[in-house]
Amino acid sequence: MTPAKTLLSSIPLPVRRYGLAIVSVALALVVDLFLFRQSFQGVEFPIFLIAIAITSWYAGVGPSILALVLSTTAFNYYFTEPYDSFYITRADLPYYTVFVLFAVVIAWFSAVRRRVERNLQESRDRLQQEVATTTQQAELLNLTHDPIFVRDMQGVITYWNHGAEELYGWTPAQAVGRRTDELMRTVFPAPFEQIQTELLRSGRWEGELEKTKANGTAVLVSSRWSLQRDGQGRPIAILESENDITDRKRREQDIRGLNDQLTRRSADLEATNKELEAFAYSISHDLRAPLRHMVGFTELLQKNASSLLDEKGRRYMMTILESAKRMGTLIDDLLSFSRIGRAETRDTMVSLEQLVKEAQNEVSQETDGRNVTWKIGPLPHLYGDRSMLKLALVNLISNAVKFSRTRPQPEIEIGTAGDRNGAVVVFIKDNGVGFDMKYVDKLFGVFQRLHRASEFEGTGIGLATVQRIIHRHGGKVWAEAQVGTGATFYLSLPKP
Amino acid sequence: MTTIGRILLVEDDPKDTELTMTALEEYNLGNEVVIAGDGEEALDYLYCRGPFEERSGENPAVLLLDLKLPKVDGLQVLATIKADDKLKMIPVVVLTSSREERDMVASYKLGVNAYVVKPVDFHEFVNAIKELGVFWAIINEPPPGSIRKK
């Protein structure tokens, strides 16, 4: 900016506008006086008109009225007879009328010009604003990592954002001007005509498309199309925005595969379970019958032919009977053990104290005539299957009674041993023969026994049953013992 | 003299039959026992057809029914009896090796009158059979139209 311009623009606008009126009229007056002295007559009036015209063109209505008043005054004073006086004759009136009319016409023109100028300025501003907005939007579209591009109705790409470049590998310069289906070798899920019809009808379409990147690898995208129409409603362009769902699809497929596998496995498991059930059923029916016959006919033999046999023969017969009976017990135990795994649990709130009392009653036959000291502490309520939990307690308590029967003063203690990870721990402790911790792993196995049959009877299925019941309740069972001083069994069961 | 009702024993295993008969004979109940070797034969007897065409049409005082039978199994025999107006009054006692709950539930649903699991122990077995025989053949008043012998 030049210094003069700075000086000029520092003057307030009204001063400048009215100043222009005064200056232009003054200049016209100077020129007129000069020409008048040189005896050029008749040009005064047009020169004042020029001054008024300039003023109204550049400074607007107010200043042009001022210029009109000043010009009229100066013209009247200097250039109408009598000269150098304000006296007005009738003959001067046409001059003034023309002055005023001219000034009005000029002012009108100038007002129109200003309006046009203002409109022009406004539309220029608006255009600039639009350009700025559009540029900003295009930049925003570039910011997103989602591929977005625009194609015209012939499928030729007109816009290609950064996300599209990132996914497909073509720069905007390479992509714009190419046909989308040729460039990306699009595979449509339905005939293209059908998609096009849907798009033209509803203005949008969504679907999954297979495309090929610049480097030749396939990519699966979820694509959303929006149709752009012009003012007359004619379709002009399609905006496509996409998501790369290749990985997601692969994961979905993996999950589906795993699910199928799981379904197959659970079907296998169900079949196995069914087989097991059928097996248990046929054991229950068919295995017990021959046993009954063995026992029955041996008994009959014993009754009818006992006198024909010697001592040895009678002992053999006893052994046959005992073994057959033991086999019967084993089969029954095994069946009830397998039933625990198959049966559905019926869970209710169960008082452990009550269950212990009932279990004590069940083993009372074994404790009869023995001086067992019971120490039973307060016991919690639990949520579980009553009959199963009772079976577990009966097994544990009858074990405690059995393995402490060689003691002169058997002592059995039942109580809680605090909490453990939201589970309550119950213990059953005896002062019996105990066992060697070396074999603790075998303790809960089916048919596993840590004592000789001649010392302590049993089928070796009681603790396996206990473990199965506790596991079905989401709990744990473990034991600690010392040979000769006793054993303690712990149950941890989830709190209700 | 007490009257003895006729017992129809449906049992496919001759050894079981022999043991049962031994137990029943011990209490002099053996004479009034008819033995059917499978479900079909039992139904033939009840409906007086085939080999039993000639018999008088009275019903037995009690039916001792094994469940696992060839051809027509015990539950089917039970279902047929309980669905027949003429036969459904015959008391039926299931006598089986199986302690399976589903057999028991199915039998009771079909309307069985008693369900007995054959004990492995011979003495218990003999006792069970004896008690069954005495109760159903002697103590119990069978429905009208049953065969009874003075």
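Residues numbered from 1 in each chain as written. Chains lettered and ligands numbered in written order. Predicted model: local features only at pLDDT ≥ 70, side-chain atom pairs only at ≥ 80, totals over all residues.

(A) Main features of the packing of helix α3 (residues 44-59) of chain A against helix α4 (residues 61-79) of chain A. Residues and elements named next belong to chain A. Contact geometry of α3 with α4 gives a least axis separation of 8 Å together with a crossing angle of 165 degrees. Comparing their axes, α4 and α3 come out roughly antiparallel. The handedness of the crossing between α3 and α4 comes out as right-handed. Of the residues in α4, those in contact with Glu 44, Phe 45, Phe 48, Ala 51, Ile 52, Thr 55, Ser 56 and Ala 59 of α3 are Pro 63, Ser 64, Ala 67, Leu 68, Ser 71, Phe 75 and Phe 79. Of the residues contributing to the contact of α3 with α4, the split by class is 10 nonpolar, 4 polar and 1 charged. (Axes fitted to C-alpha atoms, helices over the stretch in contact; angles between N-to-C directions. Helix = DSSP H or I, 4+ residues; strand = E, 2+ residues; numbered from the N terminus. Parallel < 35°, antiparallel > 145°, perpendicular 65-115°, else oblique. Left-handed = near helix turned anticlockwise from the far one by under 90°. Contact = placed C-beta atoms within 7 Å. Nonpolar A, V, L, I, M, F, W, Y, C, P; charged D, E, K, R; others polar.)

(B) How the structure looks around the sheet that holds strand β3 (residues 204-212) of chain A. Residue and element names in this part refer to chain A. One open sheet holds the 5 strands; their spatial order is β2-β1-β5-β4-β3, and the pairing between them is antiparallel. Of all the strands in the sheet, just β2 (157-160) and β3 have a single pairing partner and so form its edges. For this sheet the average axis-to-axis angle between neighbouring strands, irrespective of direction, equals 25 degrees. Inspection of the sheet shows strand β1 (residues 148-152) paired to β2 by 3 bridges, in the antiparallel sense. Within β2, the residue paired with Arg 151 across the bridge is Ile 157. Contacts between helix α9 (residues 192-202) and the sheet are confined to β3, β4 (218-229) and β5 (235-244), with β3 contributing the most and set at about 145 degrees to the helix. (Pairing = 2+ DSSP bridges.)

(C) Geometry of unusual backbone geometry. Unlike most non-glycine residues, Arg 185 of chain A shows phi in positive territory, near 45 degrees. Note on placement: Arg 185 of chain A falls in the loop between α8 (180-184) and α9. Although it is not a glycine, Lys 71 of chain B adopts a positive phi angle of roughly 60 degrees. With respect to the helices and strands, the residue Lys 71 of chain B is situated in the loop between β4 (62-65) and α3 (74-83). Under the C-beta neighbour-count criterion, Lys 71 of chain B is labelled partly exposed, with 14 such atoms within 10 Å. (Buried ≥ 20, exposed ≤ 12 C-beta atoms within 10 Å, placed from the backbone.)

(D) Local environment of the pairing of strand β12 (residues 486-494) of chain A. Residue and element names in this part refer to chain A. Judged from the 7 bridges that link them, strand β10 (residues 423-430) and β12 form a sheet pairing that is antiparallel. Paired with Val 426 across the bridge in β12 is Leu 491. Relative to β12, strand β11 (residues 476-482) is paired through 7 bridges, and the arrangement is antiparallel. Following the sheet pairing, Trp 478 is matched in β12 by Tyr 490. What sits between the antiparallel neighbours β11 and β12 is a turn of 3 residues, in which Gly 484 has the positive phi angle 90 degrees.

(E) Geometry of the sheet that holds β11 of chain A. Residues and elements named next belong to chain A. As summarised here, the arrangement of the 5 strands in space is β7-β9-β10-β12-β11, forming an open sheet in which the pairing is mixed. Edge positions in the sheet fall to β7 (373-376) and β11, since each has one partner strand and no second. Each adjacent strand pair in this sheet contributes to an overall mean axis angle of 20 degrees, direction not counted. Sheet topology places strand β9 (residues 411-420) next to β10; 7 bridges connect them, and they run antiparallel. Residue pairing across strands places Thr 416 opposite Val 426, the latter belonging to β10. Where helix α14 (residues 386-403) meets the sheet, its contacts fall on β9, β10 and β12, and the angle it forms with β10 comes to roughly 25 degrees. Helix α15 (residues 462-472) rests against β11 and β12 of the sheet, and its axis sits at about 140 degrees to β11.

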